[in-house]
Amino acid sequence: IDKSMKLIEETTTKNLIEMGELAKPVYKVPSLSQEIDYSAVKVYRGDFSVSGLDCILLEHCSLVAQQTLDDALSRGRKVMLFANSIKHVESLSQAFHLLGVPHELVHSQRSISDNDESIRRYKSNEVKLIINMSMLTIGFDDPQTDCVVLARPTKILRLYLQIIGRCLRACKGKNDALILDLAQCISTHGFAEDYRDFTRKTAKSCLLYTSPSPRDR
């Protein structure tokens, strides 16, 4: 072994949270999340069929909107909500309109300028809620965001981690980050701070240690 080489130690999400480099995640799993049955939804390319999920999720938009208002927005949280499809984004938007909740939405059928304006309004805190399907999953950075709402399930661990990572950036005055799971994602993939071995080949084998359930926290 070359003595000039330095040992590179692994840094885990849990370590980064303890060092204050990431916000402390807190979790909420309402009963709604546990009551929906996704077992009949077909799987396509490793994840649930979008159209199959829509058949279920579009029926629950008013409940998702109310839960988001009660658990996050009414408590001053800044929220990114992740939906399943463009139709789901639009239906959720209508549900929030009915509750009188100001918000923005982004999806691929809107113009670039409209999406950019929605993102600007969200980042500048003119609104506290933005709804998207997948456009803000990777590369979007707004450290003031302190809540993500999982309004769709996924079988893909990587996607789940990217989504919850949107609210974990540390920020001055940010005490914690709420992960509001309305789609059984935590029971499928675990917590942000769980240890995962990403040298393994399958998503299931990545999870080596699971923390206590959110109801025990």
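Keep in mind it's a predicted model, so treat the numbers as computed, not measured. (Residues numbered from 1 in each chain as written. Predicted model: local features only at pLDDT ≥ 70, side-chain atom pairs only at ≥ 80, totals over all residues. Heavy atoms only, no water.)

**Student:** Got a minute to help me understand the packing of aromatic side chains in this structure?
**Tutor:** Two numbers describe a pair of aromatic rings. These are the distance of the centres and the angle of the planes. According to the stated counting rule, one finds three aromatic pairs in the structure shown. With 6.1 Å between their ring centres and 45° between their planes, Tyr-38 and Phe-48 make a pair best called tilted. Of the two residues, Tyr-38 sits in the loop between helix H2 (31–35) and strand E2 (43–44) while Phe-48 sits in strand E3 (residues 47–48), which places them 10 residues apart along the sequence. Tyr-38 sits in the buried class, given a relative accessible area of 7%. Given a relative accessible area of 13%, Phe-48 falls into the buried group. Plain terms: the ring middles of Tyr-122 and Phe-140 are 6.4 Å apart, the flat faces sit at 40° to each other, and that makes the pair tilted. With a gap of 18 residues between them, Tyr-122 in helix H6 (residues 112–123) and Phe-140 in the loop between strand E6 (129–132) and strand E7 (147–150) connect regions that are remote in the sequence. Of the residues examined, Phe-140 reaches a relative accessible area of 9% and is grouped as buried. Sitting over the ring of Phe-140, Lys-123 keeps its end group 5.1 Å from the ring centre. (Phe/Tyr/Trp six-rings, centres within 6.5 Å; stacked < 30°, edge-to-face > 60°. Helix = DSSP H or I, 4+ residues; strand = E, 2+ residues; numbered from the N terminus. Buried < 20%, exposed > 50% of the residue type's maximum accessible area, 1.4 Å probe, protein only. Lys NZ or Arg CZ within 6 Å of the ring centre and 35° of its normal.)

**Student:** How should I be thinking about the pairing of strand E4 (residues 79–82) in this particular structure?
**Tutor:** Successive residues of a regular strand alternate their side chains across the two faces of the sheet. Burial of E4 is two-sided: the residues Val-79 and Leu-81 facing one way and the residues Met-80 and Phe-82 facing the other way are all buried. Here E4 pairs with E6 via four bridges, running parallel. When the sheet's bridge partners are listed, Met-80 is paired in E6 with Ile-130. Pairing of E4 with E7, which is carried by four bridges, proceeds in the parallel orientation. Looking at E7, one finds that Val-79 is bridged to Cys-147. (Pairing = 2+ DSSP bridges.)

**Student:** Just checking my understanding: could you explain the sheet that holds strand E1 (residues 25–28) for this structure?
**Tutor:** Strand pairing in a sheet takes place through backbone hydrogen bonds and is either antiparallel or parallel in direction. Taken in spatial order, the six strands make up an open sheet running E1-E8-E7-E4-E6-E5, and their pairing is parallel. Strand pairing shows two members of the sheet lacking a second neighbour, E1 and strand E5 (104–106), which therefore form its edges. Across the sheet, the axes of successive neighbouring strands diverge by a mean angle of 20°, strand direction being ignored. Taken together, the three bridges between E5 and E6 define a ladder with parallel strand orientation. Residue pairing in the sheet places Leu-105 in a bridge with Ile-131 of E6. (Axes fitted to C-alpha atoms, helices over the stretch in contact; angles between N-to-C directions.)

**Student:** Looking at this model, I keep getting lost on the side chain of Glu-193. Mind explaining?
**Tutor:** By the element assignment, Glu-193 lies in the loop between helix H8 (185–189) and helix H9 (203–206). Assessed through its relative accessible area of 15%, Glu-193 is described here as buried. Separated by 2.4 Å, the side chains of Glu-193 and Tyr-27 make a polar contact. (Polar contact = N/O pair within 3.5 Å; in protein donor to acceptor, adjacent residues only side chain to side chain.)

**Student:** Please clarify how the pattern of salt bridges should be interpreted in this entry.
**Tutor:** Where side chains of opposite charge bring their charged atoms close, a pairing between them can arise. Under the defined criterion, the tally for this structure stands at 10 salt bridges. Residue Asp-71 pairs with Lys-28 through a salt bridge whose shortest N-O separation is 3.9 Å. With Asp-71 in helix H4 (residues 61–71) and Lys-28 in strand E1, the pair connects residues that are 43 residues apart, well separated along the chain. A relative accessible area of 9% means that Asp-71 is categorised as buried. Put simply, Asp-176 and Arg-77 hold a salt bridge, and the shortest N to O gap is 2.8 Å. Of the two residues, Asp-176 sits in the loop between helix H7 (157–164) and strand E8 (177–181) while Arg-77 sits in the loop between H4 and E4, which places them 99 residues apart along the sequence. The class of Arg-77 is buried, set by a relative accessible area of 14%. Shared partners join several salt bridges into a network, and the residues in it are Glu-104, Glu-117, Arg-120, Arg-121 and Glu-126. (Salt bridge = Lys/Arg side-chain N within 4 Å of Asp/Glu carboxyl O.)

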